[in-house]
Amino acid sequence: MSTDWVEVGDRCWVRRYSPWDVSSGVVAGDDGLLVIDTRADTAQGRELAAHVRALSSLPVLAVMNTHAHFDHLGGNAAFPGCPVVAHAAVPLALERGAPEPEAPLSTEEKVPPDTVFAHRWDLDLGGREVQATHLGRGHTDGDAVLLVPDADVVYAGDLVEQSGPPSFGPDCWPLEWGPTLERLASMLDPVTNVVPGHGDVVDVDFVTQQARDVTDVAEHLRLLVAAHVPEADALSRGPWPFPVEGLAVAVHRGYRHLGAGHAGHPG
């Protein structure tokens, strides 16, 4: 794992941090920088901000959070005065409390996005346009990807993960994640560099295969529900494309979304 900035396209960098092997990104234009994902808390965010200053003397024009999980936005407070951009679902998730007991943020560290979008947000960095877009629900309901068209680089957040299987957490949408990844894959070409939320840079073939595997999870869930297999028995009824120890929440959420669990909003 690299512990320094890696340029993955013209003036597009990624740096991976422990713990959680989370990726933060920087995109530069002639006038300034966009920072993507600020790590897990204010101290980590300050370390990131120092690394950004060492990388470039240009000002940070904006910060983007790819989704609501603490390891991607906990450091927002380290970039005071910068617009913080995310999908409109992200501040709502923070208000209700993202379901992540590992490292809850203090009240002072919860700096929600102040610039939100539903479908697309554009930024001119000076001689370079970047685009954030929401392609659908998957890892969360507020996943966003950042496109840098002139460099053929995409920052995908946790819609794509390389250093481990896709993380099906308590706010995932397992039946919709595959189609969302398919939409992402359709936007890529063979030379596009895709920066995942965790892990090495990948390509369109990797994204396409992950889309197939996540879709297989959804299709298997549909078959199990149609066959009236109890949720408690679902994990033992493979084959599954990922290790079963990471699929318990996917099964639980999938059964709820398919109406096989209790009534009401998916739990």
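Since we're looking at a predicted model, the values are computed, not measured.

(A) Structural context of the environment of Cys-172. By the secondary structure assignment, Cys-172 is in the loop between β11 (153–161) and α4 (174–186). A sequence separation of 35 residues divides Cys-172 from Arg-137, and the C-alpha atoms of the two residues are 7.9 Å apart. Non-local contacts of Cys-172, meaning those with residues more than four positions away in its chain, are made with Gly-138, His-139, Arg-253 and His-257.

(B) The arrangement of helix α3 (residues 89–96) in detail. Every buried residue of α3 is accounted for by Ala-89, Val-90, Pro-91, Ala-93 and Leu-94. Residues of α3 that are buried in the fold lie against α2 (70–73), β6 (84–87) and β7 (115–117). Within two residues after α3, Gly-97 carries a phi angle of roughly 90 degrees, on the positive side.

(C) Local environment of the nonpolar core. Of all hydrophobic cores here, the largest spans 34 residues; its most connected members are Val-160, Phe-168, Leu-181, Leu-184, Val-207, Val-217 and Tyr-255. Looking at this core, the elements with two or more residues in it are β10 (145–148), β11, α4, α5 (204–226) and α7 (248–257). Top element by residues in this core is α5. It accounts for 9 residues. Residues in contact with Leu-181, not counting those within four places in the same chain, are Leu-159, Val-160, Val-207, Gln-210, Ala-211 and Val-214. Counting 22 residues, the second largest nonpolar core, distinct from the first, contains Cys-12, Ala-62, Val-85 and Val-153.

(D) Highlighting α7. Along α7, the residues that are buried comprise Ala-250, Val-251, Arg-253, Gly-254, Tyr-255 and Arg-256. Looking one or two residues beyond α7, the residue adopting positive phi is Gly-259, at roughly 80 degrees.

(E) Quick look at the pairing of strand β9 (residues 129–133). For β9, the tally of buried residues reaches 4 of 5 residues, placing the bulk of the element in the interior. Inspection of the sheet shows strand β8 (residues 120–124) paired to β9 by 5 bridges, in the antiparallel sense. Counted as the bridge partner of Asp-122 is Gln-131 from β9. Between β8 and β9, which follow one another and run antiparallel, lie 4 residues, and Gly-126 among them has a positive phi close to 95 degrees.

What counts as what
Residues numbered from 1 in each chain as written. Predicted model: local features only at pLDDT ≥ 70, side-chain atom pairs only at ≥ 80, totals over all residues. Heavy atoms only, no water. Helix = DSSP H or I, 4+ residues; strand = E, 2+ residues; numbered from the N terminus. Contact = heavy atoms within 4.5 Å. Buried < 20%, exposed > 50% of the residue type's maximum accessible area, 1.4 Å probe, protein only. Core = buried A, V, L, I, M, F, W, Y, C linked by side-chain atoms within 4.5 Å. Pairing = 2+ DSSP bridges.

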